[in-house]
Amino acid sequence: MLERPRRNRATETIRSMVRETRLDLSNLIFPLFVVDGKKIKQSIGSLPGIYRFSEDEVLKEVEHCMKLGLRSFVLFPAVENSLKDKVASYGHDPKNFYLRIISKIKNEFPDTCLISDVAMDPYSSDGHDGLVENGRILNDETLDILGRLAVAQAEAGIDSVGPSDMMDGRVQFIREELDDAEFENVGIMSYTAKYASAYYGPFREALDSAPKHGDKKTYQMDPANKWEAVREAELDAAEGADFLMVKPALLYLDIIHLLKDKFELPIAAYNVSGEYAMLKAAAEKGWLDYEKAMPEMLLSIRRAGATSILTYAAKEYAQLLKEGKLA
Ligand code: PBG
C-alpha cells in the first residue's frame, strides 16, 4: 500500500499539524437577551444556560465573557406587551431600555463589538418583522421604520446594525440613513439568506415574539432554495453590507459554502436557537456528549466557510477552551 492516510492521524501532534480548520474565540458572537428592570436573570425554558438579563446583570455577564476572551455580542430586547404597537414605536423611543443598555455596555467595555437587531418583531403588536396591513406585510413602508431603528441604535453606540427583517432594499435604505446621520463608520451585518425556518422556536419563546397570525414565508426565504440566496447576497453586497449572514447555520451549510465561494465579504452564520436546543435536549437525555458534540457543530460551520458564528454556545466553548478540554 503506497497511500496510508492514517499516518497523518497517528498522534495528536501530527493531527494538529495537518488540521485545516481552526475555530478561534474571536470568530464567535454571543447572543444576549435583555429586559428592562433591575436584578433580573431569567432562565428560558427551551434555551438551557441562556437568560434574559436586566442592565446590571448584563454588564456582569459581558464582563465575565470578556474575561473568557469573548468580545462580540448580538443583543436582542424582550419587550413588555404593553409597549408593543403596530409601528414598533418603542424601538426608537428615547426611553427604550435596549438603547440605554447598548450605551452602557459600550461605555464600560469599549473593546466589545456590539451588533443589534433591526426588525420590528420585538416591538410589534403583530409579531411580524414588517408593517402589517390587512394581513399583508408592507415592504417600502417598513423601510422607514427600520431606518429609524438603525439610526437610534447608532446613536446609542452600536458597532454594527443587524437587519434581520428580510424586507427588499433595506440594506441600501439603512446605509443611506446611517450616512445621512453621519454614522458612516457603523457597519451592517445583513441577515442575507434568512430562511423561514422552524428552528427559531426557542428564540420566539425568549422574546415572546411569535407572529400573532400567519407566518413569515412572504419575506423569509423558502428552505428549498439555494440560488435565491445568491440573488439576495448580490443585492446586499451591492447595497453596502459589510457581512453576509446565513441563518440557520447547521441546516444550511451548503448555503454558507456557496456564498463563501462567490463573495469576498465575510460570511456570518447564525447557529440558531433550535439548533442549540436540539443538542442540549439530546445531551440532557444522555444521548449525546455535549462537550464533544458542540465543538464539532461549531467547527462544521467554520469549515463550511463562515468567518464568524453567532451561537448560544459561545460562552460554553470559551469555558471548555479555558479548561483545556478542546483539541
Ligand atoms: C427576528 C429574529 C429571529 C431570530 C433572530 N432575529 C426570529 C424570527 O425571525 O422569527 C432567530 C434567532 C434564533 O432562533 O436563534 N427578527
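Everything below is about the structure shown above.
In this text, all values refer to a predicted model and were calculated from it rather than measured experimentally. (Residues numbered from 1 in each chain as written. Predicted model: local features only at pLDDT ≥ 70, side-chain atom pairs only at ≥ 80, totals over all residues. Heavy atoms only, no water.)

### A closer look at the overall build of the protein chain
Condition: Put simply, DSSP H or I for four residues or longer makes a helix, DSSP E for two residues or longer makes a strand, and each gets a number counted from the N terminus. The reference for a compact globule is 2.2 Å times residues^0.38; the radius of gyration itself is calculated from the C-alpha atoms. Relative accessibility decides the category of a residue: with a 1.4 Å probe and only protein chains considered, values under 20% of the type maximum give buried, values over 50% give exposed, and everything between is partly exposed. Note on definitions: a residue-residue contact is assigned when non-hydrogen atoms from the two residues lie within 4.5 Å. A residue counts as positive if it is Lys or Arg and as negative if it is Asp or Glu; His and the chain ends are not included. The atom standing in for a charge is NZ when the residue is Lys, CZ when it is Arg, CG when it is Asp and CD when it is Glu.
Scanning the protein chain from N- to C-terminus turns up 11 helices and 12 strands. Whereas a compact globule of 327 residues would reach a radius of gyration of roughly 20 Å, the protein chain reaches 20 Å, a difference of no more than 12%. Burial status across the protein chain gives 53% buried among its 327 residues. For the protein chain, restricting intrachain contacts to residue pairs at least 6 apart in sequence, the fraction spanning at least 24 positions comes to 73%. Taking the average location of the 42 positive side-chain charges in the protein chain and that of its 53 negative ones, the two points are 9 Å from each other.

### Topic: the pairing of strand 4 (residues 72-77)
It is a general feature of regular strands that their side chains alternate between the two faces of the sheet. To keep things clear, this is the line we draw: When DSSP finds two or more bridges between a pair of strands, those strands are recorded as paired. With the strands pointing away from the viewer, any crossover whose connection runs clockwise from the first strand over the helix to the second is right-handed.
Burial of strand 4 is extensive: six of the six residues sit out of reach of the surface. Because side chains alternate across strand 4, one face comprises the buried residues Ser72, Val74 and Phe76, and the other comprises Phe73, Leu75 and Pro77, equally buried. By the bridge criterion, six bridges tie strand 1 (residues 28-34) to strand 4 in an arrangement that is parallel. Along strand 4, the bridge assignment pairs Phe30 with Phe73. In the sheet, strand 4 pairs with strand 5 (residues 113-115) via three bridges, with the strands oriented parallel. Residue pairing in the sheet places Ser72 in a bridge with Cys113 of strand 5. For the handedness criterion, the β-α-β arrangement of strand 4, helix 3 (residues 97-108) and strand 5 is classed as right-handed.

### Considerations on the site of the ligand
Quick note on the threshold: We call a residue near a molecule or strand when any one of its heavy atoms sits within 4 Å of it. Polar contact is the term for a pair of N or O atoms within 3.5 Å; when the atoms are in protein, one must be able to donate a hydrogen and the other to accept it, and sequence-neighboring residues count only if both atoms are side-chain atoms. The Shrake-Rupley method, run with a 1.4 Å probe, gives the accessible areas here. Residue values count only the displayed protein chains as cover. Basically, the charged four are Asp, Glu, Lys and Arg, the nonpolar ten are Ala, Val, Leu, Ile, Met, Phe, Trp, Tyr, Cys and Pro, and anything else, Gly included, counts as polar.
Within the structure, the ligand sits among 18 residues, and Lys194, Arg204, Lys247, Ser273 and Tyr312 are positioned closest to it. Taking Asp129, its side chain carries an N or O atom lying 3.4 Å from a nitrogen atom of the ligand. Here the ligand has 400 Å² of accessible area as a free molecule, and 100% of this is covered by the chains. Tallied by class, residues from the shell around the ligand come to eight nonpolar, three polar and seven charged.

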